[in-house]
Amino acid sequence: MTAGLRARGLRHAHIGPFDLDLPPGTCLAITGPSGSGKSLLLRMVADLDPHKGEAWLDGVGRSTLSGPDWRRRVVYAPAEPGWWLDRVGGHFPAPSPDAARLGLSPDIWDRAVAACSTGERARLALLRALGAGPAVLLLDEPTGALDHDTTLAVEALLAERMRAGLGLVLVTHDAAQAERMGTMRRRMAGGRLA
Amino acid sequence: MSAIVLQPGDLVTAAALLALDGALSVALGLGLHRVMLIATARLVVQLLLIGAVLRTVFRSESAAATLGILAVMTLVAIREGAARPRHRLARHGNYAVAGLAVGASTALAALLALTTALRPDPWWNPRYAIPVTGIVLGSAFGTASLTLDGVLGGAAAARAEIEARLALGHSFAAATGPLLADAIRRGLMPVLNQMAAAGLVTLPGTMTGQILAGSDPIEAVKYQILLMLLLAGASALAAIITARLAARRLTDGRQRLRLDRLATA
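Source: prediction; values computed, not measured.

Is there a simple way to explain the sheet that holds strand β9 (residues 184-189) of chain A in this structure?
Strand pairing in a sheet relies on backbone hydrogen bonds. The paired strands run either parallel or antiparallel. All names here are of chain A. The 6 strands lie next to each other as β6-β7-β8-β3-β9-β10, forming an open sheet whose pairing is mixed. At either end of the open sheet lies a strand with only one pairing partner, and these are β6 (74-77) and β10 (192-193). Strand direction decides the pairing type here: strand β3 (residues 27-31) and strand β8 (residues 167-171), joined by 4 bridges, are parallel. Note on β8: the bridge partner recorded for I30 is V171. Set on the sheet, helix α1 (residues 38-45) makes contact with β3, β6, β7 (136-140), β8, β9 and β10; between it and β7 the angle comes to about 155°.

Help me understand the packing of helix α5 (residues 126-157) of chain B against helix α7 (residues 172-197) of chain B, please; the structure alone is not making it clear to me.
The geometry of a pair of packed helices is captured by two quantities: the angle between their axes and the separation between those axes. All names here are of chain B. Where α5 meets α7, the closest approach of the two axes is 8 Å, and the angle between their N-to-C directions is 150°. Between α5 and α7, the angle falls in the class roughly antiparallel. Relative to α7, the crossing made by α5 is right-handed. Between α5 and α7, the residues in contact are S139, T143, L146, T147, D149, G150, V151, G154 and A155 and L179, L180, A183, I184, R186, G187, L188, P190 and V191, respectively. Of the residues belonging to the contact of α5 with α7, the class tally is 10 nonpolar, 6 polar and 2 charged.

For this particular structure, what's the right way to read empty space enclosed by the protein?
A water-sized probe rolled over the atoms picks out the places where empty space is left. Counting across every chain of the model gives 2 cavities of 30 Å³ or more. For the largest cavity, the calculated volume is near 90 Å³. Together, A77, P78, A79, P81, A122, A125, L126, L139, D140, E141 and P142 of chain A line the largest cavity. By volume, the second largest cavity amounts to about 60 Å³. Lining the second largest cavity, in full, are Y76, A77, P78, P81, A125, R128 and A129 of chain A together with A164, A167 and L168 of chain B. At the level of secondary structure, the elements contributing two or more residues to the lining of the second largest cavity comprise β6 and α3 (118-131) of chain A together with α6 (159-167) of chain B.

How should I be thinking about a nonpolar patch on the surface in this particular structure?
Residue and element names in this part refer to chain B. A contiguous nonpolar patch, built from L17, L20, L24, L28, L30, L32 and V35 and spanning about 680 Å² of accessible area, is present on the exposed surface. Sort the elements by how many residues they give to the nonpolar patch and helix α1 (residues 8-28) lands first, with 4 residues. Summarising the element assignment, L30 is placed in the loop between α1 and α2 (33-60). Assessed through its relative accessible area of 52%, L30 is described here as exposed.

Got a minute to help me understand the domain arrangement of chain B in this structure?
Interfaces are frequently sized by the accessible area removed from exposure as the parts join. Residues and elements named next belong to chain B. The domains assigned to chain B are domain 1 (1-60) and domain 2 (62-264). Put simply, the middle of domain 1 and the middle of domain 2, counted by C-alpha atoms, are 29 Å apart. Counting residues at the interface gives 7 residues for domain 1 and 12 residues for domain 2. With both chains or domains summed, domain 1 and domain 2 bury close to 730 Å², and 73% of this area falls on carbon and sulfur atoms. Our count for the domain 1 to domain 2 interface comes out at 0 salt bridges. Here domain 1 is connected to domain 2 by 1 residue pair in polar contact (both at pLDDT 80 or more). Of the residues contributing to the side of domain 1 that touches domain 2, the split by class is 6 nonpolar, 1 polar and no charged.

For this particular structure, what's the right way to read α1 of chain B?
A turn of α-helix holds 3.6 residues, and therefore any two residues three or four places apart point the same way. All names here are of chain B. The terminal C-alpha atoms of α1, which comprises 21 residues, lie 31 Å apart, in line with the 30 Å expected from a rise of 1.5 Å per residue. L17 marks where α1 bends most, by close to 30°. Phi for G29, located one or two positions after α1, is positive at around 65°.

Could you clarify how one ought to interpret the packing of aromatic side chains in this entry?
Aromatic rings considered in pairs are described by the distance between their centres and by the relative angle of their planes. Residue and element names in this part refer to chain A. Applying the stated rule across the entire model yields 1 aromatic pair over all chains. Measuring from ring centre to ring centre gives 4.9 Å for F92 and W109, while their planes differ by 75°; the resulting arrangement is edge-to-face. With a gap of 17 residues between them, F92 in the loop between β6 and α3 and W109 in the loop between β6 and α3 connect regions that are remote in the sequence. Of the residues examined, W109 reaches a relative accessible area of 10% and is grouped as buried. Sitting above the plane of the W56 ring, R6 keeps its charged end 4.5 Å from the centroid.

Is there a simple way to explain the interface of chain B and chain A in this structure?
On the chain A side, the residues contacting the 16 residues of chain B number 23 residues. Of the roughly 1,600 Å² buried between chain B and chain A, counting both surfaces, carbon and sulfur atoms make up 54%. When the buried area of chain B at its contact with chain A is split by residue, L168, R254 and R256 of chain B rank highest and sum to 40% of it. Our count for the contact surface shared by chain B and chain A stands at 3 salt bridges. Measuring nitrogen to oxygen at the nearest pair gives 2.7 Å for the salt bridge that ties E163 of chain B to R43 of chain A. Here chain B and chain A share 10 residue pairs in polar contact (both at pLDDT 80 or more) between them. Residue composition of the side of chain B that touches chain A, by class: 5 nonpolar, 4 polar and 7 charged.

Can you help me understand unusual backbone geometry in this one?
Residues apart from glycine generally show negative phi values, whereas peptide bonds are mostly found in trans. Here the amide bond leading from G16 of chain A into P17 of chain A is cis, since omega sits at 0°, within 30 degrees of zero. One can find P17 of chain A in strand β2 (residues 15-22). With an omega of -10°, the peptide bond between D121 of chain B and P122 of chain B qualifies as cis. Looking at the element boundaries, P122 of chain B is found in the loop between α4 (93-117) and α5. In this structure, R119 of chain B is a non-glycine residue whose phi angle is positive, near 45°. Within the fold, R119 of chain B resides in the loop between α4 and α5. In this structure R119 of chain B comes out as exposed when scored by relative accessible area, which is 62%.

Conventions we followed
Residues numbered from 1 in each chain as written. Chains lettered and ligands numbered in written order. Predicted model: local features only at pLDDT ≥ 70, side-chain atom pairs only at ≥ 80, totals over all residues. Heavy atoms only, no water. Pairing = 2+ DSSP bridges. Helix = DSSP H or I, 4+ residues; strand = E, 2+ residues; numbered from the N terminus. Contact = heavy atoms within 4.5 Å. Axes fitted to C-alpha atoms, helices over the stretch in contact; angles between N-to-C directions. Parallel < 35°, antiparallel > 145°, perpendicular 65-115°, else oblique. Left-handed = near helix turned anticlockwise from the far one by under 90°. Nonpolar A, V, L, I, M, F, W, Y, C, P; charged D, E, K, R; others polar. 1 Å grid on protein atoms, 1.4 Å probe; cavity = no way out; pocket = protein on both sides within 12 Å on 5 of 7 lines; lining within 4 Å. Points joined across faces, edges and corners; volume = space filled by probe spheres on them. Patch = residues over 30% accessible without salt bridge, like charges linked within 9 Å, V, L, I, M, F, W, Y side chains within 5 Å. Areas by Shrake-Rupley, 256 points an atom, 1.4 Å probe, with all protein chains shown as cover. Salt bridge = Lys/Arg side-chain N within 4 Å of Asp/Glu carboxyl O. Buried < 20%, exposed > 50% of the residue type's maximum accessible area, 1.4 Å probe, protein only. Domains from an automatic or database assignment. Buried area = accessible area lost by both parts, 1.4 Å probe. Polar contact = N/O pair within 3.5 Å; in protein donor to acceptor, adjacent residues only side chain to side chain. Expected span 1.5 Å × (residues − 1). Bend = angle between axes of the 7 residues up to and from the residue. Phe/Tyr/Trp six-rings, centres within 6.5 Å; stacked < 30°, edge-to-face > 60°. Lys NZ or Arg CZ within 6 Å of the ring centre and 35° of its normal.

Here's what the structure looks like:
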């Protein structure tokens, strides 16, 4: 049994095939120009779009699990997170204890999502995804809307979770972030990983 | 109590009001007279034809002719119900969804009425079967098309909200539950309004017709209640079936949101 996330032959219209091997506690950082297929790759791993190929988590094949069972373990956090209720708190089973270290005010849970800034929403979406208790987190530009200090705070939180075994696939435009976070670094160009 | 029988001349007199509208339209340059003339002509011809057909079928008491008329009415209702929504499901999904929802709910309501409350002889007697089916169909197809529009348009508009939940491992049913409930509520709004306004804001059509035709108001009201219960029951059923079938066509075995199966009309 291979621990962590493994994927073979993930392929979709014009992108792929991709093979991934992500042991627990590691981070695959993917950089590359917009439109090169980075988000589509994450969506394929999360099984949100129809595609070819198979993936395994700790040796268990994705096709043997239901879609929701897979996505509870392999959680995708898109660059533009969606909110299905008006109030921030409704999206969380309980207020996240990590909110303060990301610079979020303690009254944010009672606020309307629409009243939060883009940067606040990006951090809330990250906490929401972490709160789901995933084995692997697929992050699409998690710090694109954040200032440098807050970005470092997010990275510190993620590094802490990685030490506890969380696997990370991190899509970022920021080469320095890929350098800091990536256990492995790949570049996407024209629907291929180099 | 006897009904006042209308003469052709009475109808021409009623049309005088429309002629006045037409004259106003010409004088004020509203450009309404053409559409109103066409709509009036169409209404008169359509209804006279239906009247003639119904008279023939009622006299013939033929099961085949009754079934034929019911089939045509149902097909027209399904076509209208499927065509109204702004989005189209792939592989003629709108027709499949509206067809099943409108067909099943109407058939159930009509059979219930014809075999219990009305009990004509034979049970499919066209004098009862055709008008009862017609009034239920009219309401069920309107509800189905509004509900379908709500589900399809709502899913397209709420893609980020739905996929946010799917990405966190929520089931497709949970992720789309609020959308379906909302679409069903919106679909039923006209029927609920009609029930609330009945008798207070307007006298409903069936009752008006029976009273004008000389019936006792209480007898007319009983018929109106019967029909209202049937069409409300059938419409709610049509809304629920529509929402569930449409949602099923927007997902797959992996519980993804499949907006690729949706096209804008």
